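The residues making up each chain are set out below.
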Amino acid sequence: MRAINMQKLLVLLACLVAAATAQQQFYCSPDSPTTVSASLTDFYLTTRRQNEAGYSSGLSCEFNAESPNRAFFVEVKSFKVSSAVFTISSGDEVLFSGSSIPDYQHNILTPSKSLKVRFDATGDQSNSEGVTVRVRAMDLNGCIPGWTYISGTCFGTDSIGSSRNYLDAQRACNSMRSNLLHVPLAYQSNIGSFMRMLPTSLRRYYTWIGLTDRSARFSHYWLSGRRQFWTSDISCYSGGSSSSCYSSERCGAFKDKNSYYAIYMNNCSNRNKFACSAPPGGTSQFYTVPNNYVLQSSRAWVWGVVSRCCSSAVSSWSAFTLACAVGRADGPRAPAPSWSAPVR
């Protein structure tokens, strides 16, 4: 009998714990704005009335949350909107506002401990469900839920495992107050070892990272502007060393397939998974993907000069060597990359 009573007690305790930790869902209220308790760390917000299938004409509602020493990680779970404006802000910064949301902005990290979510309908859309977001509070000095902390840096990706081109991947990282993954300086000459410290989800076949030669052909830089000198860890998608990649293969991706190489330069327009990195709590410095292509490096220019020299009717060997020497000495050089943070 005692054993049965103890079992019932344990079941009751389990139910109480589950009820206490269950994710709460908030709907638009006539008493808007709705203030979410600071004690909640995981909850849902939905921009329609409870027990209604869609939102009605003129519906306006607002949710406010503030949590001491915590930021908020917002995941857009459903966005079915027409004739309405949805806004996410934190303090004085508007993080998103519009009637449609870009694919790369489904995950947003606030820069501070306050969150405001507002919804304003301008027409009757009783057949539109509105917006549902999941909100999780995180330590202001911590990592986004599910991200990995290694040597002072947080590494992770979005929660929906999406595939994007290189530019949109960087935009997605920016929405989470991060940039495409940068290999720490301490591992710059041993990238493969660092890559295998990461979870499999961040080094799958192929995963965008923040390395590119889009600013200067065959000169690899991280988006931060740090130079990545040649290493045997880098190759290109089409095969061969990183100095023989096709002109379209300008963006770096991890490739963990027990290969000799860790990074393959890939076509920036390809849609791949991606990995981000940021200091704990997120970054305020967002890097721009360079777009000033230099399709010919000084080496390519010199080779062109040499080829022309060899094919021209130069009667004197001394004249040939002089012409080629001048070409090597005076050939144009690829400009140094310029870096700037995007305007937000």
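Keep in mind the model is a prediction, meaning the values are calculated, not measured. (Residues numbered from 1 in each chain as written. Predicted model: local features only at pLDDT ≥ 70, side-chain atom pairs only at ≥ 80, totals over all residues. Heavy atoms only, no water.)

Novice: Before we move on, could you go through the pattern of salt bridges and cite the residues and values that matter?
Specialist: Using the criterion set out here, one finds eleven salt bridges in the structure. Arg118 is the partner of Glu62 in a salt bridge, and the nearest nitrogen-oxygen pair spans 2.9 Å. Within this pair, whereas Glu62 is found in strand E4 (residues 60–66), its partner Arg118 is found in strand E9 (residues 114–121), the two being separated by 56 residues in sequence. Given a relative accessible area of 13%, Glu62 falls into the buried group. Judged by relative accessible area, which is 31%, Arg118 ranks as partly exposed. Here Arg136 ties to Glu75 by a salt bridge, and the two come within 2.7 Å at their closest N and O atoms. Here Glu75 lies in strand E5 (residues 70–80) and Arg136 lies in strand E10 (residues 130–139), a separation of 61 residues in the sequence. Using a relative accessible area of 17% as the deciding quantity, one classes Arg136 as buried. What makes Glu75 buried here is its relative accessible area of 2%. (Salt bridge = Lys/Arg side-chain N within 4 Å of Asp/Glu carboxyl O. Helix = DSSP H or I, 4+ residues; strand = E, 2+ residues; numbered from the N terminus. Buried < 20%, exposed > 50% of the residue type's maximum accessible area, 1.4 Å probe, protein only.)

Novice: Explain the sheet that holds strand E20 (residues 276–278) to me, using residue names and the numbers behind them.
Specialist: Spatially, E11-E12-E20-E13 is the arrangement adopted by the four strands of the open sheet, whose pairing is antiparallel. A strand with exactly one partner marks an edge of an open sheet, and here the two such strands are strand E11 (148–150) and strand E13 (179–180). (Pairing = 2+ DSSP bridges.)

Novice: Can you explain the sheet that holds E5? Please cite residues and give values.
Specialist: On the basis of which strands lie adjacent, the open sheet formed by five strands has the order E1-E3-E10-E5-E8 and mixed pairing. The open sheet terminates on both sides in strands that have one partner only, identified here as strand E1 (24–28) and strand E8 (107–109). The sheet shows a mean angle of 20° between the axes of neighbouring strands, taken without regard to direction. When strand E3 (residues 42–49) meets E10, the two strands line up antiparallel, connected through five bridges. Opposite Thr46, over in E10, you have Thr132 as the bridge partner. (Axes fitted to C-alpha atoms, helices over the stretch in contact; angles between N-to-C directions.)

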